[in-house]
Amino acid sequence: MKKLNPFIAVIFVISISIILLNRYTQFNINDYRVHFFFLFFATSSLVIIIGQFFKKLQTNWSIISVAIIIGILCVLKAFFTWGGDWKTQTVLYSNIDNPAKTINYQLRGDRFAFGYKKRVVGIYRLAPFIEWTTDIDTLHLDKTKWKKLNLKLNEMKLK
């Protein structure tokens, strides 16, 4: 009988924590590939933990086949449910004290709809693919803390 590997439990706790933070807080994973990477590991580790608890997933072959099936299901979920990533069109302001904080104008093109959703948000970059976003009203912005940039990035490659 195969014992539960504590490494799998740690993977589950970390990955489900990141997924829940992304879902219910202003913590944002800004790359769909990273998001579904964490989703795959959260789901796979949960199924492996449950399967080993009920003594169903005892061999490496059964664990690998479950991981392959979950990978296929995550790809299908990504295809049918992912609305799109927010892409920065213009960096409006940069924080004078901390350059990792910016105020951006962003667009998101929904895959199965026409047009774009728009937002102006304050972004604090935590990692290359992770950021903390807050809604910002630029009319009541303290201009002594922010430097106006109007840097055009055009991440959506619009004409």
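What counts and what doesn't
- All residue numbers here refer to positions counted from 1 along the written sequence of the relevant chain.
- For a predicted model such as this one, the threshold for reporting local features is a pLDDT of at least 70, and the threshold for listing and counting side-chain atom pairs is 80 or more; totals across whole chains, interfaces and linings nevertheless cover every residue.
- Side-chain measures were taken over the full set of non-hydrogen atoms in the model, leaving aside hydrogen atoms and water.
- Residue burial is assigned from relative accessible area. The probe radius is 1.4 Å, only protein chains are included, and a residue is buried under 20% of its type maximum, exposed over 50%, and partly exposed in between.
- What counts as a helix is a DSSP run of H or I of at least four residues, what counts as a strand is a run of E of at least two, and both are numbered from the N terminus.
- For two strands to count as paired, DSSP must find a minimum of two bridges between them.
- For Phe, Tyr and Trp, rings pair up if their centres lie within 6.5 Å, where Trp contributes its six-membered ring, and each pair is then called stacked (planes under 30 degrees apart), edge-to-face (over 60) or tilted (otherwise).
- As used in this record, nonpolar core signifies buried Ala, Val, Leu, Ile, Met, Phe, Trp, Tyr and Cys residues forming a set joined through side-chain atoms within 4.5 Å.
- Orientation is described by axes fitted as lines to C-alpha atoms, over the contacting stretch for helices, and by angles from 0 to 180 degrees between their N-to-C directions.

A. Structural detail: the pairing of strand β2 (residues 87-95). Counted residue by residue, β2 has eight buried out of nine residues, so it is predominantly covered. The pairing of β2 with strand β3 (residues 101-109) spans six bridges and is classified as antiparallel. Directly across from Lys87, in β3, lies its bridge partner Leu107. Two successive antiparallel strands, β2 and β3, enclose a turn made up of five residues. Pairing of β2 with strand β6 (residues 146-152), which is carried by five bridges, proceeds in the antiparallel orientation. Directly across from Ser94, in β6, lies its bridge partner Lys147.

B. The packing of aromatic side chains, seen in detail. Tallied over the entire structure, the rule returns five aromatic pairs. Ring geometry for Phe37 versus Phe41: centroids 4.7 Å apart, planes at 70°, classification edge-to-face. With Phe37 and Phe41 both in helix α2 (residues 32-53) and four residues apart, this pair spans about one turn of that helix. According to the relative accessible area criterion, Phe37 is partly exposed, its value standing at 45%. Overall, Phe41 belongs to the partly exposed group, its relative accessible area being 30%. Centre to centre, the rings of Phe40 and Phe41 are 5.2 Å apart; their planes meet at 75°, and the pair counts as edge-to-face. Among the aromatic residues, ring-to-ring pairing joins Phe37, Phe38, Phe40 and Phe41 into one connected group.

C. Just unusual backbone geometry, in detail. Of note in this structure, Lys55 is not a glycine but carries a positive phi near 60°. For Lys55, the location among the structural elements is in the loop between α2 and α3 (60-81). On the accessibility criterion, Lys55 (52% relative accessible area) is exposed. Positive phi is not limited to glycine here, since Asn150 has a value of about 50°. Exposure remark for Asn150: the relative accessible area of 37% places this residue in the partly exposed category.

D. How the structure looks around the nonpolar core. Ile29 and Phe38 are the most contacted members of the largest nonpolar core, which has 19 residues in total. If you list the elements that add at least two residues to this core, you get α1 (6-24), β1 (27-29), α2 and α3. The greatest single-element share of this core, amounting to seven residues, is contributed by α2.

E. Just the sheet that holds strand β5 (residues 130-135), in detail. If you trace the six strands from one edge of the open sheet to the other, you get β1-β5-β4-β3-β2-β6, paired in antiparallel fashion. The open sheet is flanked by β1 and β6, the only strands paired with a single partner. Going across the sheet, the axis of each strand differs from the next one's by a mean of 35°, ignoring polarity. Here β3 runs beside strand β4 (residues 116-127); their pairing, made up of nine bridges, is antiparallel. Residue pairing for β4: Leu107 is matched across the bridge by Lys118.

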